[in-house]
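# Architecture at a glance
Spelled out, the chains give:
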There are 2 protein chains.
Amino acid sequence: MKDNNDMPGHLARRFQQIAVAVFLAEVADAGFDLTPVQYAALATIKANPGLDQVTLAGLIAYDRTTITGVIDRLVQKGLVERRASSRDRRARELEITDEGRRTLRKITPAVESAQRIMLGGLNAKEGEELMRLLRKAIAAGNELSRAPLRDVQV
Amino acid sequence: MKDNNDMPGHLARRFQQIAVAVFLAEVADAGFDLTPVQYAALATIKANPGLDQVTLAGLIAYDRTTITGVIDRLVQKGLVERRASSRDRRARELEITDEGRRTLRKITPAVESAQRIMLGGLNAKEGEELMRLLRKAIAAGNELSRAPLRDVQV
DNA sequence: GGATATTGATCAGTATGCTGACTATCAGTA
DNA sequence: TACTGATAGTCAGCATACTGATCAATATCC
């Protein structure tokens, strides 16, 4: 019988599981309480001020129903503002707050250290190769999930 | 600023997201309704009859609190039996049912095809290399998550 | 212009996954 | 044997993620 270690799906889950645990631990060590999803959303909102939720979802490959809850929590924490759009009354424009900006700045070293730790078992060349192969596999499978990456210009 | 595509954590999530979507789609095409977690648990119970939930959790690297719900649903579907252990009255012994065995047999082609599809963007050598690097990174980070892999003999 | 289709956001429902707590039981030891 | 610590399982609570539905608003087409 095929071993778990020969199933890319199992390996994907395990690696992700470790990645999330490392991220949360590093961020908590730095004195913050932010999940990987919340961080990605916050960073993307800062880089694209005023974007709407669907665009945000496309930029980081989340389902739009997931984004609703993530933004709820970021707003609750005072890191993001959600305003009705004037151009399209269905849409909400997202804006990072000063505290969001401050949090993002202070948390960056922990995030970078987490990325290093999760590749800790690999040397630099192997880490690069792993990322290259993941990018390639992801690009080929992009349309297979309900939340594909959408490279929109804002 | 660092791009998402340079963050192993982001790539890990994306690859896993696609892997799960592909798994569910292939399994649904074959006429079944089984999640990746449920499949892994079922296969492991079949290979280790009578094992308890903590051992199962260790073999597939799940948190024991997650396993409780997964087994609930497998029992509900009639694929697994959960009995009190005679040796240790705290523990539950898990046994696959005939229907569980039948399901596992019929679902295997879909599971294997899913593993191929999620590596669809890579050639054979690249797929092998990706799995090797994932295994290596995972081995180094095994103890960093709350649910490490435990290679127990049953 | 008006019917139709599409889109942005949300919601209900389900299934992982995690933290931390709790109960019952077991194991080791003074 | 009584005490102490560890262990198996469950639970409450929270945060992703998904499916499918609904509502309001916008686009499109005749």
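Keep in mind that what you see is a predicted model, and the values were worked out from it rather than measured. Numbers given to residues run from 1 along each chain, matching the order in which its sequence is written. Here the convention is simple: chains get letters from A, ligands get numbers from 1, in the order in which they are written. Only residues with pLDDT of at least 70 are given local features in this predicted model, and only at 80 or more are side-chain atom pairs given and counted; all residues enter the totals for whole chains, interfaces and linings. With hydrogens and water stripped out, all remaining heavy atoms of the structure feed into the side-chain values.

## Examining the packing of aromatic side chains
All names here are of chain A. Only Phe, Tyr and Trp rings are paired, with Trp represented by its six-membered ring, and only when their centres lie within 6.5 Å; those with planes under 30 degrees apart are stacked, over 60 edge-to-face, the remainder tilted. Under the definition given, this model contains two aromatic pairs over all chains. Taken together, a centroid distance of 6.0 Å and an interplanar angle of 55° make the contact between Phe 23 and Tyr 39 tilted. With Phe 23 in helix 1 (residues 8-29) and Tyr 39 in helix 2 (residues 36-47), this pair connects stretches of sequence that are 16 residues apart. Like Tyr 39, Phe 23 is buried. What counts as a helix is a DSSP run of H or I of at least four residues, what counts as a strand is a run of E of at least two, and both are numbered from the N terminus. Relative accessibility decides the category of a residue: with a 1.4 Å probe and only protein chains considered, values under 20% of the type maximum give buried, values over 50% give exposed, and everything between is partly exposed.

## Overview of the protein's contact with DNA strand D
We call a residue near a molecule or strand as soon as one heavy atom of that residue lies within 4 Å of the molecule or strand. Among the 27 residues in the neighbourhood of DNA strand D, the closest are listed as Thr 35, Arg 73 and Arg 146 of chain A together with Arg 90 and Arg 92 of chain B. Residue Thr 35 of chain A places a side-chain N or O atom 2.7 Å away from a phosphate oxygen belonging to DNA strand D. At the level of secondary structure, the elements contributing two or more residues to the surface near DNA strand D comprise helix 2 and helix 4 (64-76) of chain A together with helix 1 (8-29), helix 3 (53-60) and helix 4 (64-76) of chain B. Taken together, the residues that form the surface near DNA strand D break down as six nonpolar, eight polar and 13 charged. Pairs of N or O atoms within 3.5 Å make up the polar contacts considered here, provided that, within protein, one atom can donate a hydrogen while the other can accept it, and that residues adjacent in sequence are counted only when both atoms are side-chain atoms. Note that Gly is not counted as nonpolar here; it falls among the polar residues with everything else outside the nonpolar set of Ala, Val, Leu, Ile, Met, Phe, Trp, Tyr, Cys and Pro and the charged set of Asp, Glu, Lys and Arg.

## A look at the pattern of salt bridges
Residues and elements named next belong to chain B. In the sections that follow, a salt bridge refers to a side-chain nitrogen of Lys or Arg positioned within 4 Å of a carboxyl oxygen of Asp or Glu. Across all of its chains, the model carries 24 salt bridges over all chains by this definition. Asp 72 is the partner of Arg 82 in a salt bridge, and the nearest nitrogen-oxygen pair spans 3.0 Å. Here Arg 82, found in strand 1 (residues 80-84), pairs with Asp 72, found in helix 4; they are ten residues apart in sequence, far enough to count as distant. Overall, the relative accessible area of 28% leaves Arg 82 in the partly exposed class.

## Topic: the nonpolar core
Residues Phe 15, Leu 130 and Leu 134 of chain A together with Phe 15, Leu 130 and Leu 134 of chain B are the most contacted members of the largest nonpolar core, which totals 32 residues. Broken down by secondary-structure element, the contributors of at least two residues to this core are helix 1, helix 5 (98-118) and helix 6 (124-141) of chain A together with helix 1, helix 5 (98-118) and helix 6 (124-141) of chain B. Note on contacts: a residue pair is in contact if any heavy atoms of the two residues lie within 4.5 Å. Ignoring anything within four residues of it in the chain, the contact list for Phe 15 of chain A reads Met 118, Leu 119, Leu 130 and Leu 134 of chain A together with Pro 8, Ala 12, Leu 134, Ala 137 and Ile 138 of chain B. In this text, buried Ala, Val, Leu, Ile, Met, Phe, Trp, Tyr and Cys residues form a nonpolar core when linked through side-chain atoms within 4.5 Å.

## Observations concerning the packing of helix 1 of chain A against helix 6 of chain B
Here an angle of 0 to 180 degrees is reported between the N-to-C directions of two axes, which are lines fitted to C-alpha atoms, with helices fitted over the stretch in contact. With their axes 9 Å apart at the nearest point, helix 1 of chain A and helix 6 of chain B run at an angle of 40° to one another. The orientation of helix 1 of chain A relative to helix 6 of chain B falls into the category oblique. Crossing of helix 1 of chain A over helix 6 of chain B shows left-handed handedness. In this structure, helix 1 of chain A contributes Pro 8, Leu 11, Arg 14, Phe 15 and Ile 18 of chain A to the contact, and helix 6 of chain B contributes Met 131, Leu 134, Arg 135, Ala 137, Ile 138 and Gly 141 of chain B. Roughly parallel means an angle under 35 degrees; roughly antiparallel, over 145; roughly perpendicular, 65 to 115; everything else is oblique. Here a crossing is taken to be left-handed if its near helix is turned anticlockwise relative to the far helix by less than a right angle, and right-handed if that turn runs clockwise.

## Topic: the protein's contact with DNA strand C
Near DNA strand C there are 27 residues, and of these Arg 90 and Arg 92 of chain A together with Thr 35, Arg 73 and Arg 146 of chain B occur at the shortest range. Here DNA strand C approaches the protein such that, of its atoms within 4 Å, sugar and phosphate make up 68%. Between a phosphate oxygen of DNA strand C and a main-chain N or O atom of Arg 92 of chain A, the distance comes to 2.6 Å. Separating a base oxygen of DNA strand C from a side-chain N or O atom of Arg 90 of chain B is a distance of 3.0 Å. Put simply, the parts of the chain that give the surface near DNA strand C at least two residues each are helix 1, helix 3 (53-60) and helix 4 of chain A together with helix 2 (36-47) and helix 4 of chain B. Per-element accounting of the surface near DNA strand C gives the leading share, five residues, to helix 4 of chain B. Considering only residue class, the surface near DNA strand C consists of six nonpolar, eight polar and 13 charged.

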